[in-house]
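Fold and geometry: a report
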Amino acid sequence: MKNLFLLFLFISSPILAQNDEKKLILKFIDSDISIDGNVDPVWNTADSTGNFFQLTPYFAKEPSNKTVAKILANENSLYCLIICYDDRTNIISNTGTLDNFDGDIVSIMIDTFDDKITGYKFAVSASGVRSDCRLLDDARNRDYSWDGIWFADSKI
């Protein structure tokens with residue numbers, strides 16, 4: 001899936017990828033990035049990671065398609081870009097409402113207190129529908145009533 005995902009948050013701390021062996025070096029920039037689903041040239045300067053694993057349908061298995069994640073920040077914002085590669089005919093792009101959709105999605109989970117107990121999850125579907133929640137008890141419990149202030153867009 002060539003789904004471009006941009007995430008905008010008010011956080012400025014280093015981010016770890018899904019498993020502890022992947023680290024992204026957070027590069028600071030002097031400008032804002034447009035949240036419109038297009039990849040601005042400034043993303044060429046960002047650190048990136050790939051080689052992720054599946055959550056569903058086959059937990060911890062190698063994905064069938066490549067995904068690349070990048071991050072950048074400025075004084076007030078954290079920006080995340082996730083590029084997923086797939087044939088257009090395989091992309092499931094359903095509509096939905098905040099915190100209520102299905103189909104192809106990307107998400108990022110952030111352990112803001114570095115305690116491996118609480119954090120936040122931000123997700124976007126291929127059609128641009130957002131979902132967010134607070135993660136509690138090492139992400140075993142999720143509070144979808146929490147609605148953060150953040151922006152995202154996707155483009156197939």
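Worth saying up front: this structure is predicted, and the values here are computed from it rather than measured.

Rules and cut-offs
- Residues numbered from 1 in each chain as written.
- Predicted model: local features only at pLDDT ≥ 70, side-chain atom pairs only at ≥ 80, totals over all residues.
- Heavy atoms only, no water.
- Helix = DSSP H or I, 4+ residues; strand = E, 2+ residues; numbered from the N terminus.
- Contact = heavy atoms within 4.5 Å.
- Areas by Shrake-Rupley, 256 points an atom, 1.4 Å probe, with all protein chains shown as cover.
- Core = buried A, V, L, I, M, F, W, Y, C linked by side-chain atoms within 4.5 Å.
- Buried < 20%, exposed > 50% of the residue type's maximum accessible area, 1.4 Å probe, protein only.
- Pairing = 2+ DSSP bridges.
- Axes fitted to C-alpha atoms, helices over the stretch in contact; angles between N-to-C directions.
- pLDDT = per-residue confidence, 0-100.
- Phe/Tyr/Trp six-rings, centres within 6.5 Å; stacked < 30°, edge-to-face > 60°.
- Polar contact = N/O pair within 3.5 Å; in protein donor to acceptor, adjacent residues only side chain to side chain.

A look at the overall build of the chain
Looking only at helices and strands, the chain features zero helices and 10 strands. Pairs at least 24 residues apart make up 57% of the contacts formed inside the chain by residues separated by at least 6 positions. Working note: accessible area of the chain is about 9,100 Å², and carbon and sulfur atoms make up 49% of it.

Comments concerning the nonpolar core
Counting residues in hydrophobic clusters, the biggest one holds 13 residues, and the most contacted among them are Leu 78 and Phe 122. Looking at this core, the elements that each hand over two or more residues are strand S4 (67-73), strand S5 (78-84), strand S6 (105-110) and strand S7 (119-125). A per-element tally of this core places S7 first, with three residues. By size, the runner-up hydrophobic cluster in this structure holds eight residues, among which are Ile 33, Leu 72, Tyr 79 and Leu 81.

Details of the sheet that holds strand S8 (residues 130-136)
A sheet is described by the order of its strands in space; here four strands give the open sequence S6-S7-S8-S9, paired in antiparallel fashion. The open sheet is flanked by S6 and strand S9 (141-143), the only strands paired with a single partner. When strand polarity is set aside, the average angle formed by the axes of neighbouring strands in this sheet is 30°. Where S8 meets S9, three bridges bridge the pair, whose relative direction is antiparallel.

Things to note about the confidence of the model for the chain
Considering every residue of the chain, the mean pLDDT works out to 83; 86% of them sit at 70 or more. Between the elements of the chain, mean pLDDT differs from a low of 41, seen in strand S1 (residues 3-9), to a high of 96, seen in strand S2 (residues 27-28). Below pLDDT 50 for its whole length, residues 1-20 participates in 90 contacts with residues either more than four positions away or in separate chains.

Points about the side chain of Gln 54
Looking at where Gln 54 falls in the secondary structure, it is placed in the loop between strand S3 (47-49) and S4. If we skip the residues at most four places from it in the chain, Gln 54 touches Phe 59, Ala 60, Lys 61, Glu 62, Pro 63 and Ser 64.

Let's talk about the packing of aromatic side chains
Under the counting rule described, the total for this entry stands at four aromatic pairs. Between Phe 53 and Phe 59, the ring centres sit 6.1 Å apart and the planes meet at 75°, which makes this aromatic pair edge-to-face. The partly exposed category is assigned to Phe 53, whose relative accessible area is 28%. By the ring-pair criterion, three or more aromatic residues cluster together here, those being Tyr 120, Phe 122, Trp 146 and Trp 150.

Remarks on unusual backbone geometry
Even without a glycine there, the phi angle at Lys 116 is positive, about 55°. Inspection of the secondary structure assignment puts Lys 116 in the loop between S6 and S7.

Some remarks on the environment of Arg 142
Secondary-structure assignment places Arg 142 in strand S9. Take Arg 142: its relative accessible area is 35%, and that puts it in the partly exposed class. Between the alpha carbons of Arg 142 and Asp 132 there is a distance of 9.5 Å; along the sequence they are 10 residues apart. Residues within four places of Arg 142 in sequence aside, it is in contact with Met 109, Lys 121, Cys 133, Arg 134 and Leu 135. A distance of 3.4 Å separates a polar side-chain atom of Arg 142 from the backbone oxygen of Ala 139.

Focus on the environment of Asp 153
In this fold, Asp 153 is placed in strand S10 (residues 151-155). With relative accessibility at 27%, the residue Asp 153 sits in the partly exposed group. Between the alpha carbons of Asp 153 and Asp 36 there is a distance of 5.5 Å; along the sequence they are 117 residues apart.

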